[in-house]
Every structure is written in structure tokens, then in C-alpha cells.
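# Coordinate inspection notes
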Amino acid sequence: MFAADALRETPALLKLDLYCKGARLDASCTEGGIAGRGLLRTRAGLGSGLEAVLPGGLWTNIPVLEPFAQRSPYTIRREGDGLWLDYAGERLAALTLSPRPAWYDAQTGSGKPMTRVGTLQGTYLGVYPAKVCDYWVEQPEKTNCHFCSVGLNLGVDDASEKSVEEVLEVVRAARRESGITYVDFNTGHYEGDTYLDILEPYLRRIKQETGLLLGVQTPPHHDLKRYDHLRALGVNRVSFCFEIFDRARFREVCPGKDAHYGLDRYLDAIRYCATLSSKGPSSEPWVTNGEIIAGLEPPESSIRAINWITKVGAIPTVCVFRPLRGTDYEDLDPPDAEALVPVFARLYDACMLAGLPIGCAPNIHVSLVLLPEECASLSSRRYYLQSLKLAAMKTVFGAQYRRRLRRHDPPAPRA
Ligand code: SF4
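Predicted, not measured: the structure shown is a model, and the values here were computed from it.

## Description of the environment of K225
Here K225 lies in helix 7 (residues 225-233). Look at K225 and you get exposed, because its relative accessible area is 55%. Measuring from C-alpha to C-alpha, the distance between K225 and R271 comes to 13 Å, with 46 residues separating the pair along the chain. At 3.4 Å, the side chain of K225 forms a polar contact with the side chain of Y272.

This is how it looks when you write it as C-alpha cells:
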């Protein structure tokens with residue numbers, strides 16, 4: 001177990017430890033229902049918990065529903081108007097619930113609760129616009145990734161079909177009330193590689209009408225030229241979740257992905273997309289992410305994945321395995337946080353050494369993963385020159401982005 005002082009002094013360590021251990025909710029929190037954003041099961045198959053902001057301004061999603069969280073040394077307790085995080089019976093830190101916007105209780109014009117069209121994950125909007133991933137309905141046997149909860153979510157917390165108009169309505173509400181800067185679209189696998197065809201009408205309209213930053217997380221399309229098209233459309237991020245770098249373990253954990261794509265197709269798409277940043281509209285930033293799950297393969301293998309991703313010019317997204325209720329892996333133990341510290345330290349080091357543009361996008365706080373820039377305090381190395389370069393990029397990019405938004409959303413004329 002980490003010392004309480006280490007957790008107080010290093011918010012990244014606290015965020016990591018909470019992913020691995022979860023927290024118990026004291027009765028003082030649950031009487032009258034939990035406030036904040038509630039406990040919506042979020043997309044991407046790894047979220048389930050309480051959206052909160054830790055000391056140091058780190059947004060997170062704390063597991064509270066799973067059995068492992070009931071054994072956690074952390075307890076969340078209400079005292080007066082405030083929430084506190086206790087650790088092994090000792091008060092550790094104040095906790096702030098992520099704000100619940102008014103649109104969370106509103107409906108679209110078509111009568112759907114807006115949270116069944118999109119939900120906030122930290123400070124961005126996540127949308128899973130299409131039907132359930134085909135691996136969940138494959139015959140004669142499902143071939144879903146064993147950690148995944150997407151097939152459990154759909155139709156429960158999420159609407160299965162969402163029109164472009166409905167999504168646009170929720171995007172506008174989230175922009176107006178929550179100040180989002182980024183919308184992330186996520187799909188599973190669809191027979192015939194139709195996921196990009198499904199997403200493009202949403203992407204085109206939202207970019208044209210709002211100018212917001214857009215991201216796409218789908219399996220790797222067989223026609224890599226489709227990513228040139230996304231780049232030209234103004235998409236800003238593509239993400240490929242291969243989850244596991246160890247080939248034998250990849251086959252075991254992700255049978256559908258292995259059968260339909262194979263690990264190499266994921267790696268080829270990442271390598272290809274990482275070359276596109278200099279090729280599209282210069283006003284639209286572009287990043288490529290390779291996403292893995294730490295805790296389902298040895299830490300050394302996760303580190304090899306991070307090294308590979310950064311070497312080709314992409315940015316790793318490293319999730320922490322969460323044995324969600326109802327999934328095939330619900331009875332597995334969550335990973336040991338201490339064993340994962342070197343993985344997240346390497347995440348920061350590898351991005352800084354490769355000169356990758358981390359932490360430059362305006363107002364993007366992610367609750368479901370530790371971002372590379374959040375891991376600086378886990379590394380013993382300092383990168384003064386690269387930090388200065390990133391600060392300058394952030395300023396330039398922020399100014400560019402605000403100018404663009406003003407064109408879409410001009411301030412009201414003076415009276
Ligand atoms: S591809 Fe795997 S992780 Fe993604 S939605 Fe399908 S089963 Fe879940």
C-alpha cells in the first residue's frame with residue numbers, strides 16, 4: 001500500500017490507485033441518492049463509476065460498484081456540503097464531484113433523454129452512435145473482448161440508434177452548458193467495415209456547424225486512404241484500441257479482434273495515421289492514439305507497447321483494467337497499482353522523448369485514463385526544453401481554436 005503522504009503529494013498516484021482499488025461509498029453519500037453525474041455506465045467498456053475531480057485538478061472516474069471496490073481502503077464520505085476521501089481510516093483529501101449540467105436531465109426534441117445520446121467523460125462528450133458491436137451478437141458464439149461491457153450498456157444507459165439531428169442537439173447543449181471543446185465518437189466492429197460510413201455524416205455536420213474538435217475510435221479500416229479523408233474532413237484524432245501487445249494474450253482477450261483484424265492491422269493503421277499530421281488542413285490539429293489496457297498483460301509488455309506507439313509518432317492511451325460487473329472478467333482481480341507505476345512513468349517519458357504534442361488541446365480533462373502529461377510526477381526525469389515547447393504550442397493552439405469557435409459561435413452584438 002502507498003503511504004498516505006505519497007498519495008497526498010502525488011495526485012497522479014492517487015488517480016492510479018483509485019482506478020485499481022476503487023472506493024466504498026459511506027452511507028452519508030448515498031442517502032437521498034448520489035449527486036453529481038450519478039453512476040452511468042460509460043462507453044468504451046471500461047468505465048462505471050463516480051465522476052469526480054481530485055486535488056491537483058485531475059478528473060477521474062472512481063470504481064464504486066464492483067465487488068473489489070467494497071474491499072477498498074478508500075471511503076468517500078459526506079460532511080456538511082463537502083465530500084472527503086478517507087484512506088485506511090485517515091482523512092486524505094477533499095473530493096469534488098464532476099458538475100452535473102442541466103442538459104443531463106433534459107430530452108432531445110425526439111423525446112430521448114440526452115444522456116442516452118451522449119455523456120460527459122471528464123470534460124468532453126462521448127457518443128456511441130450506432131448499434132451494439134457485432135462481436136456481442138456473433139453466432140454461434142459471442143466473440144466480444146472479455147473485459148468489455150459495451151453489450152451490457154446498450155439499451156440500458158444508452159439508446160441504440162441516434163440520428164445526426166439528435167447528436168447535434170446534444171453536442172450543442174453540451175457546448176453551451178458544459179463548455180465542451182471535443183466530441184469523441186466510438187464504435188465497435190460492424191461486418192463489412194461500415195463504421196466509418198456510419199460516422200462520417202455525424203462528423204461532417206458537427207465540424208461544419210460547431211467547429212469543435214472531433215475524434216474517432218473504431219477498428220482499423222482495411223482501406224487506409226479513408227483516414228486521409230477523415231483528416232481532410234477536419235477530424236482531429238483517430239484512436240485504435242488494440243488493448244494488448246503480447247500476441248498470445250491479444251488472441252485470448254480479444255477473440256473477435258484477432259479473428260477479423262489481427263494485431264498487425266491495428267499496428268499498420270496506427271503507423272499510417274501517424275504520418276498524416278503534415279498532410280491535412282494546417283488549421284486542424286491531428287493526433288493518432290494507440291490504446292492499450294494495463295493490467296491484462298505484464299507491465300513489461302505494456303511498456304513495449306508504449307515504446308512502439310511513440311516510436312511511430314503516435315500517442316499511447318493507457319487504460320487501467322477494471323473488472324466490471326457482468327463482464328466475462330468480472331471475477332478477475334484489478335491490477336496492482338504499484339506494479340503499474342513504471343508503466344505510467346514510461347508513458348510520460350516516452351512521449352516527452354519523442355517530442356509528441358501532449359496536453360496541448362484546450363480544456364480536455366479525461367476521467368477514464370491517466371493522460372501522459374498527468375504522469376509527469378511519476379517520472380524522475382525532467383524535460384525543460386520540451387516542456388517549454390509544449391507550453392508555447394498550447395498557447396498558439398488555444399488562440400487558433402478560440403478564433404475558429406468565434407466564427408461558428410460569434411459573441412452576441414452589443415446593445
Ligand atoms: S471491439 Fe471489443 S472492446 Fe470494442 S465494443 Fe466490441 S467487444 Fe467491446
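Okay, back to it.
## Here's the deal with empty space enclosed by the protein
Applying the stated criterion across every chain, the model contains three cavities of 30 Å³ or more. Reported here for the largest cavity is a volume of approximately 340 Å³. Those elements giving two or more residues to the lining of the largest cavity turn out to be strand 11 (237-243) and strand 12 (287-294). Considering only residue class, the lining of the largest cavity consists of 15 nonpolar, seven polar and three charged.

## A look at the packing of helix 5 (residues 164-178) against helix 6 (residues 195-210)
Following both chains from N to C, one finds helix 5 and helix 6 inclined at 40 degrees, their axes separated by 10 Å at the closest point. Of the possible angle classes, the one that applies to helix 5 and helix 6 is oblique. Where helix 5 crosses over helix 6, the handedness of that crossing is right-handed. Residues V164, E165, V167, L168, V171 and R172 of helix 5 form the contact with helix 6, whose own contacting residues are P201, Y202, R205, I206, E209 and T210. In the contact of helix 5 with helix 6, the residues fall into seven nonpolar, one polar and four charged.

## Points about the sheet that holds strand 2 (residues 50-54)
Taken in spatial order, the six strands of this open sheet run 1-4-5-6-2-3, and their pairing is mixed. Looking at strand neighbours, the two that pair on one side only are strand 1 (24-25) and strand 3 (58-62), the edges of this open sheet. Seen against the sheet, helix 2 (residues 11-21) touches strand 2, strand 3, strand 4 (74-79), strand 5 (82-87) and strand 6 (90-97) and runs at an angle of roughly 10 degrees to strand 3.

## Examining the domain arrangement of the chain
As assigned here, the chain comprises domain 1 (4-97) and domain 2 (102-401). The gap between the C-alpha centroids of domain 1 and domain 2 is 23 Å. Contacts between domain 1 and domain 2 engage 33 residues on the former and 42 residues on the latter. The junction of domain 1 with domain 2 conceals about 3,300 Å² of combined surface from both sides, 62% of it contributed by carbon and sulfur atoms.

## As for unusual backbone geometry
Following Q139, the chain continues to P140 via a peptide bond in cis, the omega torsion being 0 degrees. Inspection of the secondary structure assignment puts P140 in the loop between strand 8 (124-127) and helix 4 (150-153). Despite not being glycine, D193 has its phi angle at roughly 55 degrees, a positive value. In the Ramachandran plot, N363 falls in the positive-phi region, its phi being about 50 degrees despite a non-glycine side chain. Considering the arrangement of structural elements, one finds N363 in the loop between helix 12 (337-353) and helix 13 (384-408).

## What to know about the sheet that holds strand 8
Across the sheet, which stays open at both edges, the seven strands sit in the order 7-8-9-10-11-12-13 with mixed pairing between neighbours. Two strands bound the open sheet, and with one partner strand each, they are strand 7 (119-121) and strand 13 (315-320). On average, adjacent strands in this sheet sit at an angle of 30 degrees to one another, irrespective of strand direction.

## Examining the pairing of strand 3
Taken across its five residues, strand 3 has five buried, putting it largely inside the fold. Burial along strand 3 is two-sided: L58, T60 and I62 facing one way and W59 and N61 facing the other are all buried. Between strand 2 and the antiparallel strand that follows it, strand 3, lie three residues; G56 among them carries a positive phi value of about 85 degrees.

## A look at the side chain of D86
Counting through the fold element by element, D86 comes out in strand 5. In contact with D86, other than residues within four places in its own chain, are P73, Y74, T75, R77, R91 and L92.

## Considering the pairing of strand 4
The sheet contact formed by strand 1 and strand 4 spans two bridges and is parallel. Bridge assignment links R24 to a residue of strand 4, and that residue is T75. For strand 4 and strand 5, the ladder comprises six bridges, and the chain directions are antiparallel. Across the sheet, residue R77 finds its bridge partner in strand 5, namely W84. A loop of two residues connects strand 4 with strand 5, the two strands running antiparallel in sequence, and G80 in this loop sits at a positive phi of about 60 degrees.

Reading guide: rules and limits
Residues numbered from 1 in each chain as written. Predicted model: local features only at pLDDT ≥ 70, side-chain atom pairs only at ≥ 80, totals over all residues. Heavy atoms only, no water. Helix = DSSP H or I, 4+ residues; strand = E, 2+ residues; numbered from the N terminus. Buried < 20%, exposed > 50% of the residue type's maximum accessible area, 1.4 Å probe, protein only. Polar contact = N/O pair within 3.5 Å; in protein donor to acceptor, adjacent residues only side chain to side chain. 1 Å grid on protein atoms, 1.4 Å probe; cavity = no way out; pocket = protein on both sides within 12 Å on 5 of 7 lines; lining within 4 Å. Points joined across faces, edges and corners; volume = space filled by probe spheres on them. Nonpolar A, V, L, I, M, F, W, Y, C, P; charged D, E, K, R; others polar. Axes fitted to C-alpha atoms, helices over the stretch in contact; angles between N-to-C directions. Parallel < 35°, antiparallel > 145°, perpendicular 65-115°, else oblique. Left-handed = near helix turned anticlockwise from the far one by under 90°. Contact = heavy atoms within 4.5 Å. Pairing = 2+ DSSP bridges. Domains from an automatic or database assignment. Buried area = accessible area lost by both parts, 1.4 Å probe.

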